[in-house]
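# Remarks on the overall topology
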Amino acid sequence: PAAGRARAKEQPPPKKQQQPPGVCLVATGPGSVALTVPQAKLVDHRRGRTATEVFDGFSAVLPPDSSQNDIFTQVMNPLVDEFLGGKSGLLVAMGPTGSGKTHTVFGTARNPGLVPLTLQKIFTAADESEGGNQSPRLFYLSMFEILCEGKGERILDLLSDAAELVLQQSATIKGLKEVAISSAMDAESLVSRGMLKRSTAATDANSESSRSQCIITIRAVHKTVDQKSEHPTSGSVLTIADLAGAERKKNTGNKGSRLLESNFINNTSMVFGLCLRALLDHQKNQKKTLEKHFKNSMLTRYLKDYLEGRKKMTLILNVKPGEDDYADTSYLLRQASPYMKIRYTSLDESSDLVSQKRTNVSLVCQENKKRRKVNKPEPEVVTAEEKELQRVSRSEQIMKNLFNALWTVSKQKISESEVAAKSMRELLKDKDIEILELKKELDDLKSRCSHVKQNDAASIAISSVSQTDLASALDNVHLSTELVQKISEESTYSDPEMSSAYRDMTGLYVFTVNMSPPISAHSCFGSESIFL
Ligand SMILES: Nc1ncnc2c1ncn2[C@@H]1O[C@H](COP(=O)(O)OP(=O)(O)OP(=O)(O)O)[C@@H](O)[C@H]1O
């Protein structure tokens, strides 16, 4: 990794890139990209013109030829440094199916991704600090996935065969195995074994598509703290989440249970997005209460502290720049680019202390419980059937909340589209009236011309002026029609079923959205614009 970082620094500064053929997205600066509507998607009379939208403010834009080391240096390194300094952090890779999220996060044996590079850095730093003033640290690794089961969600431990894992109110997972790791190699082989257990399946969009949200946590504990405990729960935590990519039914060809999975994946992505949008809205207007969308999926319940802005999070947006991928790329950029404005102004600096306190409190409670147990009658035995019933009703409640949230959002979007369509219709009416008036004027002029034959030259000039006006009015009508079409396209995307649908892509792009408190220029979001 050290050599990789050095190479990355030696690269020349970014230059404005030309748009190669077949590509709809190019980097235009250290933190900006330009997205051009493919000619095939333009309505006939607009062909030949270009319609380009610029998205900027990203903390880094990494083109398809960036190495894994480049991405690690730009995206992960700051989080790892903070983690080693005692602060928790989260990295989330999101984007449509087949855009390279799993490749970026895990990589391959030859081309290791963010997780192996992180482990290497952690143990290199631990070796270097050995013998220094710092007390030695222990590291623990856990790995699990959240997947769709029937109509509900389930957590599966990827490092053990534990059957029932339960996400508790405190956003901790009961029954999850944490394995002590003592070297990068041990940890990497543990992760590789976990990956073999992860749910994947071939779809038309990706031959090895992830069917679950995969989460890895690395916990650092000072040896002096919790030394006697076999599974210490305090310390800073570095969490890396590889989300399953949102997908469109017609591109994946999913049917039956695969389609159910697909809906689950799309819904989780949507709830994740809703949480970030709510955080942004709340930050823009502190009077607005922070909507509790996180309750609507297991992933967001687990990541609550990050989604409510109490701990630092970095997002990687993976996209493919091909023209065929325009719809997905445009949808993701429009949806996610506002998240760059999220600021962690009220970062809970003592969040790790809080989590430690929370642990302590729960330990105290357990001790009290034990003491009370002596006088208490035996607790009622809960049968497996009752447990199953409880689980099903929990899942039903989650799905109900989720659909309520989706329904609210779609209603809002539909009403927005209706208002826009109404104003377009009014505009069209005005244009129709204008055209009628111009036609009348033209007819009038023509009739006058026929009477005043001696002024032939002048009449031709007048009539040609009027015809120009008419042509421009007609052009406006075309533009208005196109606007209506665009709005109706956007309202299609607003439809939850459609919005959660994506298409396959070719070629890869990686953006990072680094959210951090604006305390200094270094940590201010978007100010560290880097481009390789
Ligand atoms: N930078 C890259 N270099 C080479 N191959 C890549 C790169 N990124 C992705 N790929 C390949 O593209 C394919 C799709 O990538 P990957 O499975 O990582 O996508 P994904 O976004 O995780 O998809 P899903 O959400 O469906 O799981 C894989 O075969 C992967 O090896």
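Structure report, in brief. (Residues numbered from 1 in each chain as written. Predicted model: local features only at pLDDT ≥ 70, side-chain atom pairs only at ≥ 80, totals over all residues. Heavy atoms only, no water.)

Below, the discussion takes up the sheet that holds strand E3 (residues 52–55). The 3 strands are arranged E1-E2-E3 in an open sheet whose pairing can be described as antiparallel. Because the sheet does not close on itself, it has two edges, and the strands there are strand E1 (25–29) and E3. Within the sheet, the average angular offset between the axes of one strand and its neighbour, ignoring direction, is 30°. Relative to strand E2 (residues 32–36), E1 runs antiparallel, the two sharing 4 bridges. Bridge pairing in E2 places Gly-29 opposite Ser-32. This element, helix H10 (residues 326–336), spans E1, E2 and E3 of the sheet and lies at about 135° to E2. (Pairing = 2+ DSSP bridges. Helix = DSSP H or I, 4+ residues; strand = E, 2+ residues; numbered from the N terminus. Axes fitted to C-alpha atoms, helices over the stretch in contact; angles between N-to-C directions. Contact = heavy atoms within 4.5 Å.)

So, about unusual backbone geometry. Located in the positive-phi region is Ala-171, a residue other than glycine, with phi close to 65°. Following the sequence through the fold, Ala-171 ends up in the loop between strand E8 (166–167) and strand E9 (173–174).

The subject of this paragraph is the pattern of salt bridges. Per the counting criterion, the structure on display carries 13 salt bridges. Among the ionic pairs, Arg-334 bridges to Glu-53, the shortest N-O distance being 3.0 Å. Here Arg-334, found in helix H10, pairs with Glu-53, found in strand E3; they are 281 residues apart in sequence, far enough to count as distant. A residue is classified by how much of its surface remains accessible, and Arg-334, at 29% relative accessible area, is partly exposed. (Salt bridge = Lys/Arg side-chain N within 4 Å of Asp/Glu carboxyl O. Buried < 20%, exposed > 50% of the residue type's maximum accessible area, 1.4 Å probe, protein only.)

Counting buried positions over the 10 residues of strand E13 (residues 213–222) gives 9, a clear majority of the element. Pairing of strand E6 (residues 137–149) with E13, which is carried by 10 bridges, proceeds in the antiparallel orientation. Directly across from Ser-142, in E13, lies its bridge partner Thr-217. In terms of strand pairing, E13 meets strand E14 (residues 236–242) through 7 bridges, oriented antiparallel. Bridge assignment links Ala-220 to a residue of E14, and that residue is Ser-236.

With that settled, consider the side chain of Glu-153. Note on placement: Glu-153 falls in strand E7 (residues 152–157). Of the side chains bearing the opposite charge, Arg-301 lies closest to the buried Glu-153, which forms no salt bridge; the N-O distance is 5.4 Å. Among the polar contacts made by the side chain of Glu-153, one reaches the main-chain amide nitrogen of Met-298 at a distance of 3.1 Å. Look past the residues within four positions of Glu-153 in its chain and what remains in contact with it is Ile-146, Leu-147, Phe-264, Thr-268, Ser-297, Met-298, Arg-391, Ser-395 and Ile-398. (Lys, Arg positive; Asp, Glu negative; His and termini not counted. Polar contact = N/O pair within 3.5 Å; in protein donor to acceptor, adjacent residues only side chain to side chain.)

Now for the packing of aromatic side chains. Taken as a whole and assessed by the stated rule, the structure comprises 3 aromatic pairs. Ring geometry for Phe-83 against Phe-139: centres 6.4 Å apart, planes inclined by 45°, an arrangement best described as tilted. Within this pair, whereas Phe-83 is found in helix H2 (residues 68–84), its partner Phe-139 is found in strand E6, the two being separated by 56 residues in sequence. Between the aromatic rings of Phe-144 and Tyr-302, the centroid separation amounts to 5.1 Å while the plane-to-plane angle is 80°, which identifies the pairing as edge-to-face. With Phe-144 in strand E6 and Tyr-302 in helix H8 (residues 298–302), the pair connects residues that are 158 residues apart, well separated along the chain. On the accessibility criterion, Phe-144 (0% relative accessible area) is buried. (Phe/Tyr/Trp six-rings, centres within 6.5 Å; stacked < 30°, edge-to-face > 60°.)

Without other data, these values stay purely geometric and don't point to any function.
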